[in-house]
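Chain residues, written in single-letter form:
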Amino acid sequence: MRIGIIGAAGGVGRRLARKLTDHGDEVTGFFRRSEQEEVVVASGAKPVLFDLVGDGPDSLANALAGHDAVVFAAGAHGTGTDQTSLIDGRGVEKTIVAADAAMVPRMILISAMPESGRGREVSESFAHYLDVKKAADQTLAGSGLDWVIVRPGRLTDDDGNNRVATGLAVPYGRIQRDDVAAFILEVLHEPRLTRHIVEVVDGPSTVHEAVDTLVELYGTPHL
Ligand SMILES: NC(=O)c1ccc[n+]([C@@H]2O[C@H](COP(=O)([O-])OP(=O)(O)OC[C@H]3O[C@@H](n4cnc5c(N)ncnc54)[C@H](OP(=O)(O)O)[C@@H]3O)[C@@H](O)[C@H]2O)c1
């Protein structure tokens, strides 16, 4: 498969790029700062400089033409509410427009579990982040693309163990970035899983078993 990753130099993005290229997929890794090129190249992806804020959807559409899917793994990572709106919000809209224009059929969006703010005092900027993530989910869910929205729990940089718990709703918990990447790889290669929002945290099932169960329960059988 040919996969584009927006945010390919990021924590999940670079791990996903490595796993996909090891799997034999062809990956285009979009990154925004020239010093990140090395990280993208090291993952085996073809590097493409693209700034979700400063660049328009046309240049993204040109670079995405011929791809089978695009994964949105970018994020403002706490750099301010304006950046959150521009990257996690407007950036997702731009990616949808570009995928549509380039006739890229499938998009995977990394979102966030609404529970991540529940039961504790959250800052105004974190509440804003959750609002923006939810609005981006709504925009993608209302698009004509074949989409899957993946809501991971709290991300960690610990080594992955290839084990998760997943479903349409699971209790909030942590998950290794490495296992989120493994999960998205399986989802990308499972076309029967489409137009669903799935949550994922660390858990007992192998990633492969977990995605198989999702397909059994919620997959589109005729694909
Ligand atoms: N942290 C958590 O616990 C958590 C939980 C659930 C979901 N998530 C979501 O999971 C996703 C992946 O998280 P992560 O921690 O792996 O991300 P990350 O390490 O923060 O990486 C995000 C990447 O996006 C890039 N980016 C930011 N602005 C950009 C722009 N304007 N144009 C192009 N690229 C841009 C960043 O580049 P720069 O380094 O230049 O900024 C960075 O490489 C994010 O959407 C995040 O919101 C996070």
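Rules used throughout
- Residues numbered from 1 in each chain as written.
- Predicted model: local features only at pLDDT ≥ 70, side-chain atom pairs only at ≥ 80, totals over all residues.
- Heavy atoms only, no water.
- Helix = DSSP H or I, 4+ residues; strand = E, 2+ residues; numbered from the N terminus.
- Rg over C-alpha atoms; globule rule 2.2 N^0.38 Å.
- Contact = heavy atoms within 4.5 Å.
- Areas by Shrake-Rupley, 256 points an atom, 1.4 Å probe, with all protein chains shown as cover.
- Lys, Arg positive; Asp, Glu negative; His and termini not counted.
- Charge placed at Lys NZ, Arg CZ, Asp CG, Glu CD.
- Phe/Tyr/Trp six-rings, centres within 6.5 Å; stacked < 30°, edge-to-face > 60°.
- Buried < 20%, exposed > 50% of the residue type's maximum accessible area, 1.4 Å probe, protein only.
- Near = heavy atom within 4 Å.
- Polar contact = N/O pair within 3.5 Å; in protein donor to acceptor, adjacent residues only side chain to side chain.
- Nonpolar A, V, L, I, M, F, W, Y, C, P; charged D, E, K, R; others polar.
- Axes fitted to C-alpha atoms, helices over the stretch in contact; angles between N-to-C directions.
- Parallel < 35°, antiparallel > 145°, perpendicular 65-115°, else oblique.
- Core = buried A, V, L, I, M, F, W, Y, C linked by side-chain atoms within 4.5 Å.
- Salt bridge = Lys/Arg side-chain N within 4 Å of Asp/Glu carboxyl O.
- Pairing = 2+ DSSP bridges.

Looking up the protein in an unreviewed UniProt entry gives the name NAD-dependent dehydratase, with the organism given as Zhihengliuella salsuginis.

Engineer: Would you explain the overall build of the protein in this entry?
Structural biologist: When helices and strands are tallied, the protein shows seven helices and 11 strands. Taking 2.2 N^0.38 as the reference for a compact globule, 223 residues should give roughly 17 Å; the C-alpha atoms of the protein span a radius of gyration of 16 Å, in line with that estimate. Each of the three principal axes of the protein carries a C-alpha extent, and together these read 45 × 40 × 35 Å. Sequence separation of 24 or more characterises 70% of the internal contacts of the protein that already satisfy a separation of 6 or more. Counting only carbon and sulfur atoms, one obtains 48% of the accessible surface of the protein, whose full area is about 10,300 Å². Of the side chains in the protein, 22 bear a positive and 32 a negative charge, and the two mean positions are spaced by 2 Å.

Engineer: Would you explain the packing of aromatic side chains in this entry?
Structural biologist: Within a pair of aromatic rings, the relevant descriptors are the distance that separates the centres and the angle that separates the planes. A complete count under the given rule lists two aromatic pairs for this structure. Both rings, one in Phe-30 and one in Phe-50, keep their centres 6.3 Å apart while their planes meet at 80 degrees; by these two values the pair is edge-to-face. Residue Phe-30 is found in strand E2 (residues 26-31), and its partner Phe-50 is found in the loop between strand E3 (46-49) and helix H3 (57-64); the two are separated by 20 residues along the sequence. Each member of the pair, Phe-30 as well as Phe-50, is classed as buried.

Engineer: Could you clarify how one ought to interpret the site of the ligand in this entry?
Structural biologist: Taken together, 27 residues are adjacent to the ligand, and Val-12, Arg-33, Ala-74, Tyr-129 and Arg-177 come closest. In the model, an oxygen atom of the ligand is placed 2.8 Å from a nitrogen or oxygen of the Arg-33 side chain. One of the side-chain N or O atoms of Tyr-129 is found 2.8 Å from an oxygen atom in the ligand. Looking at the shell around the ligand, the elements with two or more residues in it are helix H1 (11-23), helix H4 (81-102), helix H5 (124-141) and strand E7 (154-156). Of the residues in the shell around the ligand, the class split is 12 nonpolar, eight polar and seven charged.

Engineer: How should the packing of H4 against H5 be read in this particular structure?
Structural biologist: When two helices pack together, their arrangement is captured by the angle between the axes and the distance separating the axes. For the pair H4 and H5, interaxial distance at closest approach is 9 Å and the crossing angle is 10 degrees. By the angle between their axes, H4 is roughly parallel relative to H5. The residues of H5 that touch H4, namely those facing Thr-81, Thr-84, Ser-85, Asp-88, Gly-89, Val-92, Glu-93 and Ile-96, are Ser-125, His-128, Tyr-129, Val-132, Lys-133, Ala-136, Thr-139 and Leu-140. Considered class by class, the residues forming the contact of H4 with H5 number six nonpolar, seven polar and three charged.

Engineer: So what exactly am I meant to see when it comes to the side chain of Arg-151 here?
Structural biologist: Among the secondary structure elements, Arg-151 is positioned in strand E6 (residues 146-152). Aside from chain neighbours lying at most four places away, what touches Arg-151 is Ser-111, Ala-112, Met-113, Pro-114, Lys-134, Asp-137, Ile-197, Val-198, Glu-199 and Val-200.

Engineer: What is the right way to look at the nonpolar core in this model?
Structural biologist: Taken as a class, soluble globular proteins show a tendency for nonpolar side chains to be buried jointly. Residues Ile-5, Phe-183 and Ile-184 are the most contacted members of the largest nonpolar core, which totals 37 residues. If one sorts the elements of this core by residue count, helix H6 (residues 177-188) sits on top with eight residues. In terms of nonpolar packing, the next biggest core, distinct from the first, is built from 26 residues, Val-70, Ala-74, Ala-102 and Met-107 among them.

Engineer: For this particular structure, what's the right way to read the pattern of salt bridges?
Structural biologist: Should their charged atoms come close, side chains of opposite charge can pair. One pass over the full model with this rule turns up 11 salt bridges. In this structure, Asp-22 and Arg-18 form a salt bridge, with 3.1 Å as the shortest nitrogen-oxygen distance. Of this pair, Asp-22 and Arg-18 are both found in helix H1, four residues apart, which corresponds to roughly one turn of the helix. For Arg-18, a relative accessible area of 35% corresponds to the partly exposed category.

Engineer: Even after reading the chapter, I still don't get the sheet that holds strand E5 (residues 106-110), so can you show me in this structure?
Structural biologist: Hydrogen bonds between backbone atoms are what pair the strands of a sheet, whose relative direction is either parallel or antiparallel. Read across the sheet, nine strands follow the order E3-E2-E1-E4-E5-E6-E10-E8-E11 without closing on themselves; strand pairing throughout is mixed. Edge positions in the sheet fall to E3 and strand E11 (205-206), since each has one partner strand and no second. In this sheet, E2 lies alongside strand E1 (residues 2-6) in parallel orientation, the contact comprising five bridges. Within E2, the residue paired with Ile-3 across the bridge is Val-27. Along the sheet, H3 makes contact with E1, E2, E3 and strand E4 (69-72), crossing E2 at roughly 160 degrees. Set on the sheet, H4 makes contact with E1, E4 and E5; between it and E4 the angle comes to about 175 degrees.

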